[in-house]
Amino acid sequence: MELLTNKYFLIALTFCVYVGSQQLQRRTGIKLLNPILISIALLICILCGAGIDYDTYSEGGEYIDFWLKPAVVALGVPLYRQLESIKKQMLPLLAAELAGCVAGVVSVVLVADLLGASREVIMSLAPKAVTTPIAMEISEATGGIPSLTAAVVVCTGIFGGMAGFRMVKMSRVRSQIATGLSIGTAAHAVGTSAAMERSERYGAFSSLGLTLNGLLTALLAPFILSLLGYC
Amino acid sequence: MILQCGILFAFLAAGELIVAVTGIPVPSSIIGMLLLTAALKTRVVRISWVDRISDFLVRNLGFFFVPAGVGLMRCLGVIKGELLPIMIATIASTFAIIAVTGWTHQYARRFTSGISRHFSNPIKH
């Protein structure tokens, strides 16, 4: 049993489960079997089954978590490769981001409130579209539950990455730039990695979307929430 | 690869430094990313110095989110109690963001390209 709580074992377990989940999606060809989603579900089942709590898992998990920050810095490379087309349409990009940011915070708060969510949960959901560190900070500042925010952020990203392209089609948006941008705005880095799988151009505009929405949400979310009368 | 890693972490460290000095509420990684883009643009850093590590990290971005997602098990209680509002609000809002961002971009682009066409071809209008 000692071995199960060893951090190297937990890191290896995370890698194995992820590779297994990737193989599962590849072999079956079912898009719904998202490797991130399946890995999270499997790991939670394994940990609960073995009676390992999250803090123990975290001792290994934090070494994987650690690479999130350098990975976000790395998004500067695809962004640089699309800099020319970004410069050409600064105004439409900023307008779209502003609208998307406001729409995101307002819609999630109103729908959750309408369905009877508690105040804590509403505050935890408000910043769910942006990347984890920003979202957790906003959640903390407005009285949400940061760990719930982190979980919802990851789920939003997985959902946006899986269903985002279909949603773009349903809203009759055709331009490649708008497509990438909206996926990054709605589903941050996880959506961006799905966009990157389609093409680097989608991915670059998606990383622009996640950056701008992250900055705007950090600045505007507390303001929007107080305008709506929540804090 | 060591050089590539070193440069990437140098930009992250610069981001940390800026956040520590100015106290702005933006994650250091976002600052680092913008600094890296600026450095590539001004040719302080060449793309061949960072492309391999970046492509690797960007292509596998999803994997690094797995431990944060496992954190879900810490708040299973709250989630179980309010699963429906959480799910419906998240799905509805994701759709709202995608539609609103996409539409605004398309219309704003049509609008601005209309203006620039108007100014570049004054005789035709």
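Residues numbered from 1 in each chain as written. Chains lettered and ligands numbered in written order. Predicted model: local features only at pLDDT ≥ 70, side-chain atom pairs only at ≥ 80, totals over all residues. Heavy atoms only, no water.

*Asks:* A description of the pattern of salt bridges should follow, citing residues and the corresponding values.
*Replies:* Applying the stated rule across the entire model yields five salt bridges over all chains. One salt bridge connects B:Asp55 with A:Arg81, and the closest N-O pair in it is separated by 3.7 Å. With B:Asp55 in helix α3 (residues 47–59) and A:Arg81 in helix α5 (residues 76–81), this residue pair bridges two chains. A relative accessible area of 26% means that B:Asp55 is categorised as partly exposed. With a shortest N-O distance of 3.8 Å, A:Lys87 and A:Glu84 are connected by a salt bridge. Here A:Glu84 and A:Lys87 lie together in helix α6 (residues 83–88), a separation of three residues that amounts to about one turn. Using a relative accessible area of 47% as the deciding quantity, one classes A:Glu84 as partly exposed. Within the structure, one salt-bridge network assembled from shared partners comprises A:Arg81, A:Glu200 and B:Asp55. (Salt bridge = Lys/Arg side-chain N within 4 Å of Asp/Glu carboxyl O. Helix = DSSP H or I, 4+ residues; strand = E, 2+ residues; numbered from the N terminus. Buried < 20%, exposed > 50% of the residue type's maximum accessible area, 1.4 Å probe, protein only.)

*Asks:* Which residues make up a negative patch on the surface, and what values do they have?
*Replies:* A cluster of acidic residues, A:Asp53, A:Asp55, A:Glu59, A:Glu62 and A:Asp65, forms a negative patch on the protein surface. Note on placement: A:Asp65 falls in helix α3 (residues 54–65). (Patch = residues over 30% accessible without salt bridge, like charges linked within 9 Å, V, L, I, M, F, W, Y side chains within 5 Å. Areas by Shrake-Rupley, 256 points an atom, 1.4 Å probe, with all protein chains shown as cover. Lys, Arg positive; Asp, Glu negative; His and termini not counted. Charge placed at Lys NZ, Arg CZ, Asp CG, Glu CD.)

*Asks:* With reference to specific residues and values, describe the packing of helix α7 (residues 90–114) of chain A against helix α11 (residues 176–198) of chain A.
*Replies:* All names here are of chain A. The interhelical angle for the contact between α7 and α11, taken along N-to-C directions, is 35 degrees, at an axis separation of 11 Å. For the crossing formed where α7 meets α11, the hand is right-handed. Residues Leu 93, Ala 96, Glu 97 and Gly 100 of α7 lie in contact with α11, whose contacting residues are Ile 177, Leu 181 and Thr 185. (Axes fitted to C-alpha atoms, helices over the stretch in contact; angles between N-to-C directions. Left-handed = near helix turned anticlockwise from the far one by under 90°. Contact = heavy atoms within 4.5 Å.)

*Asks:* Outline empty space enclosed by the protein, listing residues and values.
*Replies:* If you walk through the whole model with that rule in mind, you get one cavity of 30 Å³ or more. The calculated volume of the largest cavity comes to roughly 40 Å³. If you go around the largest cavity, the residues you meet are A:Gly100, A:Cys101, A:Gly104, A:Val105, A:Ala126, A:Pro127, A:Ala129, A:Val130, A:Asn213, A:Thr217 and B:Ile97. Breaking the lining of the largest cavity down by element, the ones donating at least two residues are α7 and α12 (200–227) of chain A. Sort the elements by how many residues they give to the lining of the largest cavity and α7(A) lands first, with four residues. Each residue belonging to the lining of the largest cavity can be placed in one class, and the counts come to seven nonpolar, four polar and no charged. (1 Å grid on protein atoms, 1.4 Å probe; cavity = no way out; pocket = protein on both sides within 12 Å on 5 of 7 lines; lining within 4 Å. Points joined across faces, edges and corners; volume = space filled by probe spheres on them. Nonpolar A, V, L, I, M, F, W, Y, C, P; charged D, E, K, R; others polar.)

*Asks:* Tell me about the nonpolar core, residues and numbers included.
*Replies:* As a rule of thumb, soluble globular proteins bury nonpolar side chains together. Counting 91 residues, the largest nonpolar core has A:Val109, A:Leu125, A:Leu148, A:Leu208, B:Leu36 and B:Val70 as the members making the most contacts within it. With eight residues, α12(A) is the single largest residue contributor to this core. Setting aside its immediate chain neighbours within four residues, A:Leu208 contacts A:Leu79, A:Ile86, A:Leu93 and A:Leu181. One finds A:Phe165, A:Val168, A:Ala195 and A:Tyr202 within the second-largest nonpolar core, a separate group that totals 12 residues. (Core = buried A, V, L, I, M, F, W, Y, C linked by side-chain atoms within 4.5 Å.)

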